[in-house]
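Letter by letter, the chains look like this.
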Amino acid sequence: MSQSHNRGLVEDFGRWREFSAGMWAWVFHKFTGWVLIGYLFTHIAVLSSALSGGAAYTNTLQGLEQLAVVRVLEVGLLAVAVFHILNGIRLLFVDLGVGLDLDTQEKSFYASLILTGIIVVASVPVFLEGL
Amino acid sequence: MSTQTPDTDETDPQAERMARKEERAAERDEASSKPDVGDDAITLKVFRYDPEVADKQEPRFDTFHVPREPGITVLDALIYARDTYDSSLTFRHSCRQAVCGSDALFINGSQRLGCQTQVADLNDSDTVRVEPLPHREVVKDLVVDMDHFYDQMDAVEPYFSPTEEPDGEQLQSRENREKIKMSTRCIWCGACMSSCNVAAGDNQYLGPAAINKAYRFYFDEREDDERQEERLQIIEQEHGVWRCQTQFSCTTVCPKDIPLTEHIQELKREAVKSNLKFW
Ligand code: HEM
Ligand code: SF4
Ligand code: FES
C-alpha cells in the first residue's frame, strides 16, 4: 500500500448527532462525574470560610444564597448529581450483568433522564424560595 | 470506441460505416451516462479517495442516481453505480448475504453491512450516504486497511487449541453449545471495532470482536483449565476487557446481533472472580 488516508479522531465527536443512547449515557456520566469533582473544590472553598470564625461563614453563605446565579447553579448541581447517581446505579447493574440487552439498557438510560427531570423540576421551588 | 482515424473522404463507404458506428457508440455512451432512473431515484453519495488520482487525493463525495427497485440494498446500489457510471468506484464485497463480512460500511451515520441493509429500511431512504468504516485508514474509496483489526483478532489466539491433543472425538454438551452460540456468529466485518470510541483512542485495545472471540474459546468446555487460564491472561491484560466503558456502540451495530457488551461484561466478572478468592 503506497498511501492511505487517515481521517483523524476529530470525526468522533463531530458525529454527535449520530450517537446512540449508550454513547449519550457515557458522555453524560463522564461530564456529570467531573462536574461533581469540580463542585467538590468550590464546596471546600466555601466551607473553609469557617476557619475565619462562625460569623464569616454565615456571612459568606448568606451572601452567596442571595445571588440568583448561585440558586440557579444549585439547581444545575442537583440535576448533575441526580443524573450521576441514577445512571451510576444503572451502570452498576450493567457491571453485574443485569439488563444488558439493548432495549433494557436504552430504556434504563431514558428512565434516569426522565426521573432526573422530574426531581429537578420538583426541587425548583425549594431552591428559588425567598429570592 | 475505434482507435482508427476515420477517412475524411465523404464518399468512402468505409468512412461512412465508421462514422455510423461512432454515432451509435456515442448514442450508447449517452444512454449509459444518463440512464432512465425514474422519478423516485435514490441519491447515493459516496466517499471518494484515491492517492494515485490527482483530483481524488483530497477526499470528496460523488453523487449517483440509482433506480429504486423493491428490496434494493446499499450494496446493490453501489454495484449499480459502479457498473453504470464509474468503473473506478471501489468497494469490497463477495457473498452478498451477510456471511463474508467484507462490506461493512458507514451508511447514513452507522456501521452496517451494505448487503444486509435495504435502502427502504434506512431512516432517510432518499439520500444514502456511504463512507468507509470510521477509525480505519482509507486505502481507496470505500476500501479501508483492515490489518490492525486482524492483528487484534489474532492476538486472542482465535482457534481451538487444548493443551493436550484429545484422543478421540470431543463432544460438546448442548448447554455449552448454547452458551457460546452467539459468540460463534462473528464474520470479522469490523463494524463493532469501528464504532467503538475506546478502540479509536487506544490502538492496543483488543476491541469487541476480539474479546468476543476470546469469549467463544474461554467458555468452550472442550479446552482444559490450563488453557482457559492462559486465555484469561490475554483477556484481562491492560488493553483487554477493562478498557470497555459499556457504551454499547458495538452491540448496536453488530450485523450478526452478537450481545458484545454482555460478553465483555461477563469476561470482566470472570477476571474479577479469578483474582478475588476469599475461599
Ligand atoms: C451515589 C453516588 C454515586 C454513584 C452511584 C456513582 C457511580 C459511578 C459509577 C458506576 C461510575 C463508573 C462509570 C463507568 O463505568 O464508566 C462513576 C464514575 C465517575 N464518578 Fe461517580 N458515582 C456517585 C457519586 C459521585 C460523586 C459524588 C463524584 C464526584 C465527587 C463522582 C465522580 C465520578 C467521576 C469523575 C467518574 C468518572 C471516572 C472516569 O472518568 O472514568 N461520582 N460513578
Ligand atoms: S462481532 Fe459483529 S460487528 Fe464485530 S466483527 Fe464480528 S460480526 Fe462484525
Ligand atoms: S458481501 Fe459478504 S457480508 Fe456483505
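What counts and how
- Residues numbered from 1 in each chain as written.
- Chains lettered and ligands numbered in written order.
- Predicted model: local features only at pLDDT ≥ 70, side-chain atom pairs only at ≥ 80, totals over all residues.
- Heavy atoms only, no water.
- UniProt positions renumbered as here; feature names shortened; annotations may be inferred.
- Helix = DSSP H or I, 4+ residues; strand = E, 2+ residues; numbered from the N terminus.
- Rg over C-alpha atoms; globule rule 2.2 N^0.38 Å.
- Buried < 20%, exposed > 50% of the residue type's maximum accessible area, 1.4 Å probe, protein only.
- Areas by Shrake-Rupley, 256 points an atom, 1.4 Å probe, with all protein chains shown as cover.
- Lys, Arg positive; Asp, Glu negative; His and termini not counted.
- Charge placed at Lys NZ, Arg CZ, Asp CG, Glu CD.
- Contact = heavy atoms within 4.5 Å.
- Buried area = accessible area lost by both parts, 1.4 Å probe.
- Salt bridge = Lys/Arg side-chain N within 4 Å of Asp/Glu carboxyl O.
- Polar contact = N/O pair within 3.5 Å; in protein donor to acceptor, adjacent residues only side chain to side chain.
- Patch = residues over 30% accessible without salt bridge, like charges linked within 9 Å, V, L, I, M, F, W, Y side chains within 5 Å.
- Near = heavy atom within 4 Å.
- Donors = N, O, S within 2.8 Å, 3.2 Å for Na, K, Ca; no water.
- Nonpolar A, V, L, I, M, F, W, Y, C, P; charged D, E, K, R; others polar.
- Core = buried A, V, L, I, M, F, W, Y, C linked by side-chain atoms within 4.5 Å.
- Phe/Tyr/Trp six-rings, centres within 6.5 Å; stacked < 30°, edge-to-face > 60°.
- Lys NZ or Arg CZ within 6 Å of the ring centre and 35° of its normal.
- Expected span 1.5 Å × (residues − 1).
- Bend = angle between axes of the 7 residues up to and from the residue.

- Under an unreviewed UniProt entry, chain B has the name Succinate dehydrogenase and belongs to Halarchaeum nitratireducens.
- The Sequence similarities (unreviewed entry) comment attached to chain B in UniProt states, word for word, "Belongs to the succinate dehydrogenase/fumarate reductase iron-sulfur protein family."
- The UniProt entry for chain B carries the following text under Pathway (unreviewed entry): "Carbohydrate metabolism; tricarboxylic acid cycle."

- An unreviewed UniProt entry lists chain A under the name Succinate dehydrogenase, with Halarchaeum nitratireducens as the source organism.
- Under the Subcellular location (unreviewed entry) heading, UniProt states for chain A: "Membrane".

## A closer look at the overall build of chain B
Argument step 1. A count of helical and extended segments in chain B gives ten helices and seven strands.
Argument step 2. For 279 residues, the compact-globule formula gives about 19 Å, and the C-alpha radius of gyration of chain B, at 26 Å, lies well above that figure.
Argument step 3. With respect to the three principal axes, the spread of C-alpha positions in chain B is 105 × 40 × 35 Å.
Argument step 4. Looking at chain B as a whole, 48% of its 279 residues qualify as buried.
Argument step 5. Carbon and sulfur atoms make up 45% of the accessible area of chain B, which amounts to about 14,500 Å² in all.
Argument step 6. Side chains of chain B carry 34 positive and 55 negative charges; the gap between the two charge centres is 3 Å.

## A few points about the interface of chain B and chain A
By a widespread convention, an interface's size corresponds to the accessible area lost as its parts come together.
Argument step 1. Tallying the contact residues gives 31 residues for chain B and 28 residues for chain A.
Argument step 2. Across the chain B to chain A interface the summed buried area is about 2,500 Å²; carbon plus sulfur atoms make up 51%.
Argument step 3. For chain B, the biggest contributors to the area lost against chain A are B:Asn197, B:Gln247 and B:Phe248; these three give 22% of the whole.
Argument step 4. Taken together, chain B and chain A are joined by zero salt bridges.
Argument step 5. Connecting chain B to chain A are six residue pairs in polar contact (both at pLDDT 80 or more).
Argument step 6. If you list the elements that add at least two residues to the side of chain B that touches chain A, you get strand 6 (138–140), helix 6 (197–201), helix 9 (249–253) and helix 10 (260–275) of chain B.

## Topic: a nonpolar patch on the surface
Argument step 1. A surface patch of nonpolar side chains, amounting to about 540 Å² of accessible area, comprises A:Tyr110, A:Leu113, A:Ile114, A:Leu115, A:Ile118 and A:Ile119.
Argument step 2. According to the relative accessible area criterion, A:Ile118 is exposed, its value standing at 53%.

## Concerning the site of ligand 1
Argument step 1. Neighbouring ligand 1 are A:His29, A:Lys30, A:Gly33, A:Trp34, A:Leu36, A:Ile37, A:His84, A:Ile85, A:Gly88, A:Leu91, A:Leu92 and B:Gln245.
Argument step 2. Positioned at a junction of chains, ligand 1 has nearby residues supplied by chains A and B.
Argument step 3. Within the side chain of A:His29, a nitrogen or oxygen atom sits 3.1 Å from a nitrogen atom of ligand 1.
Argument step 4. A distance of 2.8 Å separates a nitrogen atom of ligand 1 from a polar side-chain atom of A:His84.
Argument step 5. Residue assignment for the shell around ligand 1 shows that the elements contributing at least two residues are helix 2 (21–47) and helix 4 (68–96) of chain A.

## A word on the coordination of the iron atom of ligand 1
Argument step 1. Of all protein atoms, just one serves as a donor to the iron atom of ligand 1, and that atom is A:His84 (NE2), at 2.0 Å.
Argument step 2. Following the sequence through the fold, A:His84 ends up in helix 4.

## Structural notes on the site of ligand 2
Argument step 1. Neighbouring ligand 2 are 14 residues; B:Cys186, B:Cys189, B:Gly190, B:Cys192 and B:Cys254 lie closest to it.
Argument step 2. Split into classes, the residues belonging to the shell around ligand 2 amount to twelve nonpolar, one polar and one charged.

## Digging into the nonpolar core
Argument step 1. Within the largest apolar cluster, 66 residues are counted, with the highest numbers of intra-cluster contacts made by B:Leu44, B:Leu78, B:Val128 and B:Val130.
Argument step 2. With residues up to four places along the chain from it excluded, the contact list for B:Val128 reads B:Ile42, B:Thr43, B:Leu44, B:Lys45, B:Val74, B:Ile107, B:Asn108, B:Val119 and B:Leu122.

## Looking at the packing of aromatic side chains
Argument step 1. Under the defined criterion, the tally for this structure stands at 13 aromatic pairs over all chains.
Argument step 2. Judged by centre distance (5.6 Å) and plane angle (40 degrees), the rings of A:Trp24 and A:Phe28 are tilted. Of this pair, A:Trp24 and A:Phe28 both sit in helix 2, four residues apart, which is roughly one turn of the helix.
Argument step 3. Note on A:Phe28: relative accessible area 29%, which makes it partly exposed.
Argument step 4. An aromatic cluster is defined as three or more aromatic residues linked by ring pairs; in this entry it consists of A:Phe19, A:Trp24, A:Phe28, A:Phe83, A:Phe109 and A:Tyr110.
Argument step 5. Stacked on the ring of B:Phe219, the Lys or Arg B:Lys179 has its end atom at 4.5 Å from the ring centre.

## A short note on helix 5 (residues 102–128) of chain A
All names here are of chain A.
Argument step 1. The terminal C-alpha atoms of helix 5 lie 39 Å apart, and with 27 residues this matches the ideal 39 Å at 1.5 Å per residue to within 8%.
Argument step 2. Where helix 5 bends most, at alanine 122, the angle is about 30 degrees, and the proline proline 125 comes one to four residues later.
Argument step 3. Taken together, the buried positions of helix 5 are Gln105, Phe109, Ser112, Thr116, Val120 and Ser123.
Argument step 4. Packed against the buried residues of helix 5 are helix 2 and helix 4.

## Section: the UniProt feature "transmembrane region" (unreviewed entry) in chain A
Residue and element names in this part refer to chain A.
Argument step 1. Taking the UniProt record as the reference, the feature "transmembrane region" (unreviewed entry) is found at residues 33–57, 69–89 and 109–128.
Argument step 2. Taken as a whole, residues 69–89 contains 100% helix and 0% strand, while its terminal C-alpha atoms sit 30 Å from one another.
Argument step 3. Secondary structure within residues 109–128 divides into 100% helix and 0% strand; the distance between the first and last C-alpha atoms comes to 28 Å.

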